[in-house]
Amino acid sequence: MKAERARELLAGIGGVTVGDGLAPVVAHVPVERWQAVARFAKDELGCAFFSFSTAIDWKAEGLEVVAWVDNLETNLSIQLRTKLGAGSATCPSLVPVYRGANWMERECYDMFGVRFDGHPDLRRILLADDWEGHPLLKSYAVDTPHPPYR
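Right, let's walk through the structure included here. (Residues numbered from 1 in each chain as written. Predicted model: local features only at pLDDT ≥ 70, side-chain atom pairs only at ≥ 80, totals over all residues. Heavy atoms only, no water.)

Among the structural elements, histidine 134 can be located in the segment after strand 7 (115-117). At a separation of 3.1 Å, a polar atom in the side chain of histidine 134 contacts the main-chain carbonyl oxygen of aspartate 110. (Helix = DSSP H or I, 4+ residues; strand = E, 2+ residues; numbered from the N terminus. Polar contact = N/O pair within 3.5 Å; in protein donor to acceptor, adjacent residues only side chain to side chain.)

Okay, structure coming up:
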């Protein structure tokens, strides 16, 4: 699968907009289509490798979730992006599509507070269970006192 063809196919999905750059192919996906577009990338574009997932805090605009998937045979990389919107921190889980998303979604939950609907085991992965807040949010107070390292 060539990047140009992948762009055409992704752009044909309702609500998806595709960036102009060469590589990776960047697809902006409505949150309600997040899981379906990921499944399309895996089944139709051959992107069976889940590379990583993270989130971005755009302050007033809210959180954005980013996932990167690859077709290793054709060297095709797709970056999926979805904006959750101001005041929202809920996104469908990609674990039913990509098992490799499990720990990365847990990290996004731990660091940014993104709740992934349908995740099989959404709990903290890096910080202690009694940790308060999500340290990578821009609203997180840096001077908040925390117990020393354990």
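The next subject is the nonpolar core. Grouped together as the largest cluster of nonpolar side chains are 36 residues, with contacts concentrated most on Leu10, Ile78, Tyr98 and Val114. Looking at this core, the elements with two or more residues in it are helix 1 (3-11), strand 2 (25-28), helix 2 (34-43), strand 3 (49-57), strand 4 (63-71), strand 5 (76-85) and helix 3 (101-112). In this structure leucine 10 touches Val16, Val18, Val25, Ala27, Val37, Phe40, Leu45 and Ile78, once residues within four positions along its chain are discounted. (Core = buried A, V, L, I, M, F, W, Y, C linked by side-chain atoms within 4.5 Å. Buried < 20%, exposed > 50% of the residue type's maximum accessible area, 1.4 Å probe, protein only. Contact = heavy atoms within 4.5 Å.)

Across all of its chains, the model carries two aromatic pairs by this definition. Here the guanidinium or amino end of lysine 42 rests over the ring plane of tyrosine 98, the centre of that ring lying 5.3 Å away. (Phe/Tyr/Trp six-rings, centres within 6.5 Å; stacked < 30°, edge-to-face > 60°. Lys NZ or Arg CZ within 6 Å of the ring centre and 35° of its normal.)

All right, on to helix 3 then. Side chains of residues three or four places apart in an α-helix project in the same direction, reflecting 3.6 residues per turn. For helix 3, built from 12 residues, the straight-helix expectation of 16 Å at 1.5 Å per residue is met to within 8% by its first-to-last C-alpha distance of 16 Å. Of all the 12 residues making up helix 3, nine are buried; the element is thus mostly covered by neighbouring parts of the structure. Along helix 3, the residues that are buried comprise Ala101, Asn102, Glu105, Arg106, Cys108, Tyr109, Asp110, Met111 and Phe112. Here the buried face of helix 3 lies against strand 3, strand 4, strand 6 (90-92) and strand 7. Note on helix 3: the residue one or two positions beyond its end, glycine 113, has a positive phi of about 80 degrees. (Expected span 1.5 Å × (residues − 1).)

Attention now goes to unusual backbone geometry. In this structure, lysine 59 takes a positive phi of about 55 degrees despite not being glycine. In this structure, lysine 59 sits in the loop between strand 3 and strand 4. Look at asparagine 75: it is not a glycine, yet its phi comes out positive at around 60 degrees. In this fold, asparagine 75 is placed in the loop between strand 4 and strand 5.

A few words on helix 2. Within helix 2, the full set of buried residues consists of Trp34, Val37, Ala38 and Ala41. One side of helix 2 carries all its buried residues, which in axial view fall inside an arc of 105 degrees. For helix 2, the secondary structure elements touched by its buried residues are helix 1, strand 4, strand 5 and strand 6. (Arc of directions from axis to C-beta.)

This part is about the pairing of strand 5. Counting buried positions along strand 5 gives eight out of 10 residues, so the element sits mostly inside the fold. Sheet topology places strand 2 next to strand 5; four bridges connect them, and they run parallel. The residue bridging valine 25 from the neighbouring strand is isoleucine 78, located in strand 5. Where strand 4 and strand 5 come together, nine bridges link them in antiparallel fashion. What sits directly across from valine 66, in strand 5, is arginine 81. In sequence, strand 4 turns back onto strand 5 through a hairpin of four residues, with asparagine 75 there showing a positive phi of about 60 degrees. (Pairing = 2+ DSSP bridges.)

Bear in mind that shape data such as this cannot, by itself, settle questions of function.
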